[in-house]
Amino acid sequence: MAIELPKPIAGYFEADKRPSAEAIAACFTPAAVVRDEGHTYAGRNAIRRWKDQSSAKYNYTAEPFSIADEDGRIVVACHLVGDFPGSPVDLRYFFVLNGEKIAELEIVS
């Protein structure tokens, strides 16, 4: 069953299918923050580096399968399959939007 994602979040997952850190960074506000694997990345340049580094380490596909609202954040559960330790895994992506861009993203298991 396909789920309907808000446009900025759908754009993020579409950009994540391509090996383009620039496409991912463009999904975020200039002062956005990403938290992933115990690290925090603030601003588009840091987000671009985060995506470059993760793309160099891992190949994966992400399939969103549920969406919910939790404490003012949009939570998207995703099934990831790839060449990373522990694959496959279901992760939760916590998004905060600002207009048509992502202001915050936290990825947790």
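Let us look at the structure shown here. (Residues numbered from 1 in each chain as written. Predicted model: local features only at pLDDT ≥ 70, side-chain atom pairs only at ≥ 80, totals over all residues. Heavy atoms only, no water.)

### Re the packing of aromatic side chains
- Using the criterion set out here, one finds nine aromatic pairs in the structure.
- A connected cluster of aromatic rings, assembled from ring pairs, spans Tyr12, Phe13, Phe28, Tyr93 and Phe95. (Phe/Tyr/Trp six-rings, centres within 6.5 Å; stacked < 30°, edge-to-face > 60°.)

### Details of unusual backbone geometry
- Here the bond from Ser87 into Pro88 is cis, since omega is -5°, no more than 30 degrees from zero.
- By the secondary structure assignment, Pro88 is in the loop between β4 (73-82) and β5 (89-98).
- For Asp71, which is not glycine, the phi torsion reads 55° and is therefore positive.
- Here Asp71 lies in the loop between β3 (60-70) and β4.
- A relative accessible area of 77% means that Asp71 is categorised as exposed. (Helix = DSSP H or I, 4+ residues; strand = E, 2+ residues; numbered from the N terminus. Buried < 20%, exposed > 50% of the residue type's maximum accessible area, 1.4 Å probe, protein only.)

### As for the state of the cysteines
- Under the definition given, this model contains zero disulfides.
- The thiol of Cys27 is not disulfide-bonded; the next cysteine sulfur, from Cys78, is found 14 Å away.
- Given a relative accessible area of 12%, Cys27 falls into the buried group.
- Classification of Cys78 as buried rests on a relative accessible area of 0%. (Disulfide = S-S within 2.5 Å.)

### Some words on the sheet that holds strand β1 (residues 28-36)
- The six strands lie next to each other as β2-β1-β6-β5-β4-β3, forming an open sheet whose pairing is mixed. Only two strands of the sheet have a single neighbouring strand rather than two, namely β2 (39-42) and β3. Averaged over all pairs of adjacent strands, the angle between strand axes in this sheet comes to 20°, irrespective of strand direction.
- Direction of pairing for β1 relative to β2: antiparallel, over a ladder of four bridges. If you follow Val33 over to β2, its bridge partner there is Ala42. (Pairing = 2+ DSSP bridges. Axes fitted to C-alpha atoms, helices over the stretch in contact; angles between N-to-C directions.)

### Looking at the pairing of β5
- For β4 and β5, the ladder comprises seven bridges, and the chain directions are antiparallel. Looking at the pairing, Val75 lines up with Phe94 of β5.
- The antiparallel hairpin formed by β4 and β5 contains six residues in its connecting segment, where Gly86 sits at a positive phi of about 90°.
- The pairing of β5 with strand β6 (residues 101-108) spans seven bridges and is antiparallel. Across the sheet, residue Leu97 finds its bridge partner in β6, namely Ile102.

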